[in-house]
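Structure at a glance
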Amino acid sequence: MLGGTSEASALARAIAAAGMAAEFSYAGRTLSPVGQPLPVRVGGFGGVAGLVAYLRDHAISHVVDATHPFAAQMSRHAVLACAEAGVPLLALERAPWTPESGDRWQRVADIEAAVAALPEVPARIFLAIGRQHLEAFRARPRHFYLLRLVDAPQAPLPLPHAEAVIDRGPFTLAGDRALLAAHGITHVVAKNAGGEGARAKLDAAREAGLPVILIDRPAIPARPVIRSVAEVMDWLAHSATPVKADRGE
Ligand code: NAP
C-alpha cells in the first residue's frame, strides 16, 4: 500500500481487520505520521527501478496506490514498476470536487497558473497547498499568505509576508469559517484534492463569497481507479487468494 491519505489509513484498517499480510509505505514527509495497524516502511524506493526491486524482494502480489491525487510522481512510478514487475495495481482515489451554486472558483492547470491568477492589488490569501511549492509564490511578494502546515516549519518561511497555522485535517466548516474571518482572508488557493476532510475551506469560502483559485489534478498514466475501501477489499479478495498475516500465534 502506498499511503499518505485518510483513505489509505481507512484501507489499512480494513486490511488489518481482514488479517491480510500487507506493508504500508509512507514517503516520510511528516514528522509524526499517523500510526497504522500494518507494518510500516518509510521513504522513497529509489525511482521505478527501486520499486521494481522492492516488489520482487518482498514478493508483493498486489499494489494499492492510495497516495494523494497530487502525488503524481509516485503514482507514475507505481504504474511503470507494476507493469515491469507484472504485479496488478489498483488506485484508491477520491473523486475531485465539483462546484456548487455560489462557488466562485477559477480552475487553473498547475501551481504556476495559480500564481499568475492572483490579483494585482495586495490581497490576503489562504494558500492551502501544503509545504511544497511555496517558493513559486515568491513571484508575488505583495500579498499576505496564510499557510496551513502539518509540521512547524524548520526554516524561515519562503514568503516575506506569511503566517503558518500548524494543524492537520480533517477540518470543519466552523473551524475554517473562523480561520478565514480571523485572518481577513480575501482569496483561497487550493488543490482539487477531493474528499471530505479538506473540503471545509471551500465551503467556508462559498459562504463568505470569496474567490477560490483551484488547481487541477496532475495527469497520471492510465490505471484502474476505484473510489471506495470496500471495492479495494473486493478486488483483493477476488483477484487472488488472500495471504493470511503471520501473527506469531
Ligand atoms: P510525489 O511527488 O509523487 O513523490 C515524490 C517521491 O516521493 C516519489 O518519487 C517517491 O520516491 C516518494 N514517495 C511518495 N509517496 C511515497 C509513498 N507513499 N511511499 C514511499 N515513497 C513515496 O509525492 P508528494 O506529492 O511529495 O507526496 C508525498 C506523500 O505525501 C505521498 O505519499 C502522498 O500521499 C502524501 N500527500 C501528498 C500531498 C500533496 O499535495 N502532494 C498531500 C497530502 C499527502 P522514490 O522515487 O524514491 O520512490
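Everything numeric here is computed off the predicted structure, so don't read it as measured data.

What follows concerns helix H1 (residues 6-17). Between its first and last C-alpha atoms H1 spans 17 Å; for 12 residues at 1.5 Å apiece the expected length is 16 Å, and the two agree. Here H1 has its buried residues at Glu7, Ala8, Ser9, Leu11, Ala12, Ile15 and Ala16. With its phi angle positive at about 75 degrees, Gly19 sits one or two positions after the end of H1.

Neighbouring the ligand are 22 residues; Ser25, Phe45, Gln73, Met74 and Lys191 lie closest to it. Separating an oxygen atom of the ligand from a side-chain N or O atom of Gln132 is a distance of 3.1 Å. Between the ligand and Lys191, the relevant distance is 2.6 Å, taken from an oxygen atom to a side-chain nitrogen or oxygen of the residue. Relative to its free-state accessible area of 810 Å², the ligand is covered by the protein chains to the extent of 81%. The set of elements that each furnish at least two residues to the shell around the ligand consists of strand E1 (24-26) and helix H3 (72-85). Looking at which element gives the most residues to the shell around the ligand, the answer is H3, with 4 residues. Grouping the amino acids of the shell around the ligand by side-chain chemistry returns 7 nonpolar, 12 polar and 3 charged.

Right, let's talk about empty space enclosed by the protein for a bit. Taken as a whole and assessed by the stated rule, the structure comprises 1 cavity of 30 Å³ or more. Asp65, Thr67, His68, Pro69, Ser75, Ala91, Leu92, Glu93, Ile220 and Arg223 are the residues that line the largest cavity. For the lining of the largest cavity, the residue count by class is 4 nonpolar, 3 polar and 3 charged.

What follows covers the packing of aromatic side chains. Applying the stated criterion across every chain, the model contains 3 aromatic pairs. Relative to Tyr145, the ring of Phe137 has its centre 5.9 Å away and its plane inclined at 70 degrees; by these criteria the two rings are edge-to-face. Tyr145 shares its class with Phe137; the two are buried. The ring of Phe45 is capped by Arg41, whose NZ or CZ atom sits 4.0 Å from the centre of that ring. For Arg148, the ring lying beneath its charged end belongs to Phe171, and the centroid distance is 3.5 Å.

The next point concerns the pattern of salt bridges. On inspection of all chains with the given rule, the structure shows 16 salt bridges. The partner of Arg217 in a salt bridge is Glu93, and the shortest N-O contact between them spans 3.4 Å. In this pair, Arg217 is assigned in the loop between strand E10 (211-215) and strand E11 (225-226) and Glu93 in the loop between strand E4 (89-92) and strand E5 (104-108), connecting sequence segments 124 residues apart. Classification of Glu93 by relative accessible area gives buried; the value is 12%.

When cut into domains, the protein chain gives domain 1 (6-94 + 219-246) and domain 2 (104-215). Taking the mean C-alpha position of each, domain 1 and domain 2 sit 29 Å from one another. Regarding the contact of domain 1 and domain 2, the summed buried area is about 850 Å², with carbon and sulfur atoms giving 52% of it. Ranking the residues of domain 1 by area buried against domain 2 places Arg29, Phe70 and Arg94 at the top, with a combined share of 54%.

If you walk across this open sheet you meet the 3 strands as E3-E4-E11, and the pairing is parallel. Since the sheet does not close on itself, it has two edges, and those belong to strand E3 (63-65) and E11, each with one partner. As paired strands, E4 and E11 are joined by 2 bridges and run parallel to one another. Counted as the bridge partner of Ala91 is Val225 from E11. Sitting on the sheet, helix H7 (residues 229-239) touches E3, E4 and E11, and the angle it makes with E4 is about 165 degrees.

Rules and cut-offs
Residues numbered from 1 in each chain as written. Predicted model: local features only at pLDDT ≥ 70, side-chain atom pairs only at ≥ 80, totals over all residues. Heavy atoms only, no water. Helix = DSSP H or I, 4+ residues; strand = E, 2+ residues; numbered from the N terminus. Expected span 1.5 Å × (residues − 1). Buried < 20%, exposed > 50% of the residue type's maximum accessible area, 1.4 Å probe, protein only. Near = heavy atom within 4 Å. Polar contact = N/O pair within 3.5 Å; in protein donor to acceptor, adjacent residues only side chain to side chain. Areas by Shrake-Rupley, 256 points an atom, 1.4 Å probe, with all protein chains shown as cover. Nonpolar A, V, L, I, M, F, W, Y, C, P; charged D, E, K, R; others polar. 1 Å grid on protein atoms, 1.4 Å probe; cavity = no way out; pocket = protein on both sides within 12 Å on 5 of 7 lines; lining within 4 Å. Points joined across faces, edges and corners; volume = space filled by probe spheres on them. Phe/Tyr/Trp six-rings, centres within 6.5 Å; stacked < 30°, edge-to-face > 60°. Lys NZ or Arg CZ within 6 Å of the ring centre and 35° of its normal. Salt bridge = Lys/Arg side-chain N within 4 Å of Asp/Glu carboxyl O. Domains from an automatic or database assignment. Buried area = accessible area lost by both parts, 1.4 Å probe. Pairing = 2+ DSSP bridges. Contact = heavy atoms within 4.5 Å. Axes fitted to C-alpha atoms, helices over the stretch in contact; angles between N-to-C directions.

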